[in-house]
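Structural description and commentary
So you can see what is in the structure, the chains are spelled out below.
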Amino acid sequence: MYQVHMNIEEIDAQNPNLPADIAVISADSYQDALQKVIDVSSLDLDISLVVWQGAGDLVPDDIREALKMPSQKITRSNFNIASQYKVEPNKAVLLPIAMHEDLQSHFDKMNDKAARFGQTVIDDIHAKALTAHVQELCAAFNAHSDVQEYKRLDRFQTCNVQVFFHRDRHNKFETCRVIRNLEGAGTIFMEEKNIGGVGHGGALCLNSWKEATGWMLRPYDMAFMLPTAKGGIGHTWPSKDLNAALFSSQAQRHFESIDITTAAPIFKPR
C-alpha cells in the first residue's frame, strides 16, 4: 500500500512536466489515431504510452450519457468481467454484424453476473454505443494487420483503499491495450523510471513514492499502452490513499479496456 499525498497531474500535451515515456496525440478518427500511435512508436522507442487527447469529442452527447449509465446503476464495490473473441481475418471490417453478436454476448454475460446481485447493468442503448466504437477501433487495427483476437474488459468499481500499480501483460509485440475511462475517477499511470521491482501478485514497487508523480487520464481520452522490451508503463485505479484533489475519494468509475492481438505485429520490435 502506498502513502497519501502523491503528486498527481493530468496528462496534457501542454504540460511541460510530461515525462518522456508518455506521448500525446490529437486525431479526427480511430484510423488516424492508430496511424499516429504507430508513427510515434517507430520514432521513439522510449515511449510506452500514447494518449489520444480529445477522443471523447467524437462521441455524441447522447452516447456519452448512455455509456455512463452502468456505473450509476451498480452498487457493488467492484465488478468486472472479461470476454475473449476470435475474429476471422478481414471480418472485422466486412462483417461487423458478427462482431456485434460477439459484443452483445459479452454484455449479456455482464448482466447475468450482475443479476445475481439484483441489478441490471447494461441496457440496449449502452450496448449498441459501445459496440459501434469497438467496431471502429478494430477496423482501424484491421487496416494495418488482420485482427485475429480481441479481449474486452469492463470494470465498475469504487475507489478502494488499496493502490496496486501493475502492468497488463501488454509487453508482447503483437499486442496493444487500449483503455478509456467512461465515468468517475481516471486511471493513474506511473512512468518507467519510478518503477522498481515486482512484488507479490505482480504489484509494481515504486522507487520513491514521495518524489513520484502519477499521471491521470482525462475522462474519454483514449490511452494506447504500447508493447516495450521493459514491459511498459505501470498503472492503477485511484484510491483514497492517493488523496488526489483531481477526483473524489468516493467516486465510482466505469473503466473499459480492449486488448488487440493481430496476425502480424503492428508495432516493430522495440
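For clarity, every value in this text was computed on a predicted model and none was experimentally measured. (Residues numbered from 1 in each chain as written. Predicted model: local features only at pLDDT ≥ 70, side-chain atom pairs only at ≥ 80, totals over all residues. Heavy atoms only, no water.)

1. Thoughts on the packing of helix α1 (residues 30-43) against helix α5 (residues 124-144)
Put simply, the test is: Axis definition: a line fitted to C-alpha atoms, limited for helices to the stretch in contact. Angles are taken between N-to-C directions and run from 0 to 180 degrees. Runs of H or I in DSSP of at least four residues are treated as helices and runs of E of at least two as strands, each being numbered from the N terminus. Roughly parallel covers angles under 35 degrees, roughly antiparallel covers those over 145, roughly perpendicular covers 65 to 115, and oblique covers all other angles. Throughout, a crossing is termed right-handed when the near helix is turned clockwise from the far one, and left-handed when it is turned anticlockwise from it by less than a right angle. Residue contacts follow a heavy-atom distance rule, with two residues in contact if any of their heavy atoms lie within 4.5 Å. Nonpolar residues are Ala, Val, Leu, Ile, Met, Phe, Trp, Tyr, Cys and Pro. Charged residues are Asp, Glu, Lys and Arg, and all others, Gly as well, are polar.
It is at 9 Å that the axes of α1 and α5 come closest, and there the two elements cross at 45°. As far as their axial angle goes, α5 and α1 are oblique. Here the hand of the crossing between α1 and α5 comes out right-handed. Every residue of α5 that contacts α1 at Tyr30, Gln31, Leu34, Gln35 and Ile38 is listed here: His133, Glu136, Leu137, Ala139, Ala140, Phe141, Ala143 and His144. Within the contact of α1 with α5, the residues separate by chemical class into eight nonpolar, four polar and one charged.

2. Focus: the packing of helix α2 (residues 61-73) against α5
Close contact between α2 and α5 brings their axes to 8 Å; oriented N to C, the two are set at 115°. Comparing the axis directions of α2 and α5 gives the class roughly perpendicular. Considering only the axes of α2 and α5, their crossing is left-handed. Here Ile63, Ala66, Leu67 and Pro70 of α2 come into contact with α5, specifically with Ile125, His126, Ala129, Leu130 and His133.

3. Some thoughts on the pattern of salt bridges
Stated precisely, the cut-off is as follows: A pairing counts as a salt bridge when a side-chain nitrogen of Lys or Arg comes within 4 Å of a carboxyl oxygen of Asp or Glu. Categorising residues by exposure relies on relative accessible area from a 1.4 Å probe, with only protein chains included: less than 20% of the type maximum marks a residue as buried, more than 50% marks it as exposed, and the intermediate range marks it as partly exposed.
One pass over the full model with this rule turns up eight salt bridges. For the salt bridge of Asp259 with Lys151, the shortest nitrogen-to-oxygen distance reads 3.8 Å. With Asp259 in strand β13 (residues 252-262) and Lys151 in strand β5 (residues 147-158), this residue pair connects regions lying 108 residues apart in the sequence. Given the relative accessible area of 11%, Asp259 is considered buried.

4. What about the environment of Lys193?
When you line up the elements, Lys193 lands in the loop between β7 (188-190) and β8 (195-198). Accessibility expressed as a relative area gives 62% for Lys193, which makes it exposed. Separated by 172 residues in the primary sequence, Lys193 and Asp21 have C-alpha atoms spaced 9.2 Å apart.

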